[in-house]
Each structure stands twice: as C-alpha cells, then as structure tokens.
Amino acid sequence: QVHLVESGGGLVQPGGSLRLSCAASGLIFSIYTMGWYRQVPGKTRELVAAITSDGNAHYAESVKGRFTISSDNGKNTVYLQMNGLKPEDTAVYYCNAHKLTVFPVKSYDYWGQGTQVTVSS
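So, here is what we can say about the structure in this document. Here the residue numbering is sequential within each chain, running from 1 through the sequence in written order. Given that the model is predicted, a residue must reach a pLDDT of at least 70 before its local features are reported, and side-chain atom pairs must reach 80 or more before they are shown or counted; all residues, however, enter totals for whole chains, interfaces and linings. The basis for every side-chain value is the complete set of non-hydrogen atoms in the structure, without hydrogens or water.

By the criteria applied, helices consist of DSSP H or I runs no shorter than four residues and strands consist of E runs no shorter than two, each listed in order from the N terminus. Each helix and strand counted, the chain has zero helices and eleven strands in total. When the helices and strands of the chain are listed from N to C terminus, the series reads β-β-β-β-β-β-β-β-β-β-β. The globule rule puts the C-alpha radius of gyration for 121 residues at 14 Å, and the 14 Å found for the chain is close to it. Oriented by its inertia axes, the alpha-carbon framework of the chain measures out at about 50 × 30 × 25 Å. Of all 121 residues assigned to the chain, the portion counted as buried reaches 37%. Pairs of residues are marked as contacts when any of their non-hydrogen atoms sit within 4.5 Å. For the chain, the share of sequence-separated contacts (at least 6 apart) that also reach a separation of at least 24 residues comes to 54%. Summed over its atoms, the accessible surface of the chain is roughly 6,600 Å², and 52% of this surface lies on carbon and sulfur atoms. Using C-alpha atoms as the atom set, the radius of gyration is obtained and then compared with a globule rule of 2.2 Å times the number of residues to the power 0.38. Burial here depends on accessible area, computed with a 1.4 Å probe over protein chains only, as a share of the maximum for the residue type. Under 20% is buried, over 50% is exposed, and the range in between is partly exposed. For accessible areas, the Shrake-Rupley method is used with a probe of radius 1.4 Å. Any residue's cover is judged against the shown protein chains and nothing else.

Dropping the structure here:
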C-alpha cells in the first residue's frame, strides 16, 4: 500500500521560507515522477513543481526562482524549498507520485493528505 506523508507546513510571514517534505512508502520511489501541487478553496489543484525519475525539475511560472524541488532516493523523500513566500502562495500543498506505463498503458497517481501553508503578516 502506497503512503505519502507531507510535513513542514505552517504560518510564515511574507518573504519568509518553508521547507516541505514528503516521505513515500510502498512504491519504488526512484521510478516515479514526484510533484507538489497546491489548492485553495474554490479553485482547481495546480502543479507547483515536479521532478522526474532522472532528476529533471519543472516549475510553475509563478514560483520559478523562489521554489526548489529536490529528492533523496535513499530516503524516499521529496522536498520543496520555498523562499520569498508571498500571500498568494497560501494553500494546501499536496505531494503526488506519478508513473505512466506503456505496456499496458496505465497511469498511476498517489496523493498525500496535504499540508497547510499560510503566508501572512
């Protein structure tokens, strides 16, 4: 059974930093694309950052230059370092593990329970 457990959320002032962690179990971590999404009430969940199994990172335009995604295969953990936080970064942040197989064609997606990030003075 797959489990993704996020931690590191909280309340921070504008301009501050937080580091989110997502510990994964029950899957072969190194072959998944790991991502961080966020969601605010009334809006759809949006991709913030993702890192592929070969280490390529991708970011939403709104967080480029401020957020950094990284992973530690030895610890089955993915991180999101968030610097220069803005009030508009306030959301519930979710960890995602994604894998697409070709034979057969099948998509695997697993989600954590989410962690609240609030940026406010």
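Moving on to the packing of aromatic side chains. Here a Phe, Tyr or Trp ring, Trp counted by its six-membered ring, pairs with any other such ring whose centre lies within 6.5 Å, and the pair is stacked when the planes are under 30 degrees apart, edge-to-face when over 60, and tilted otherwise. This structure, assessed with the given rule, holds two aromatic pairs. Seen from their ring centres, Tyr32 and Tyr110 are 6.2 Å apart, and the 55 degrees between their planes marks the pair as tilted. Note that Tyr32 is positioned in the loop between strand E3 (18–25) and strand E4 (33–39) and Tyr110 in strand E10 (residues 106–111), a separation of 78 residues in sequence. Taking the relative accessible area as the measure of exposure, Tyr110 reaches 26% and is therefore partly exposed. Between Tyr37 and Trp111, the ring centres sit 4.9 Å apart and the planes meet at 65 degrees, which makes this aromatic pair edge-to-face. Note that Tyr37 is positioned in strand E4 and Trp111 in strand E10, a separation of 74 residues in sequence.

We now examine the state of the cysteines. Any two cysteine sulfur atoms within 2.5 Å of one another count as a disulfide. For the coordinates displayed, the defined rule picks out one disulfide. The disulfide bridge from Cys22 ends at Cys95, spanning 2.1 Å between sulfur atoms. Given an S-S torsion of about -80 degrees, the disulfide between Cys22 and Cys95 has left-handed geometry. Of this pair, Cys22 sits in strand E3 while Cys95 sits in strand E9 (residues 91–101), and the two are 73 residues apart along the sequence.

Turning our eyes to something else, we now look at the side chain of Arg66. Of note, Arg66 is situated in the loop between strand E6 (57–59) and strand E7 (67–72). A polar side-chain atom of Arg66 sits 2.9 Å from the main-chain carbonyl oxygen of Gly84. Here Arg66 is in contact with Gln81, Met82, Asn83, Gly84, Leu85, Lys86 and Asp89, once residues within four sequence places are set aside. Side-chain atoms alone can form a polar contact between residues adjacent in sequence; in general such a contact is a pair of N or O atoms within 3.5 Å, and within protein one must be able to donate a hydrogen while the other accepts it.

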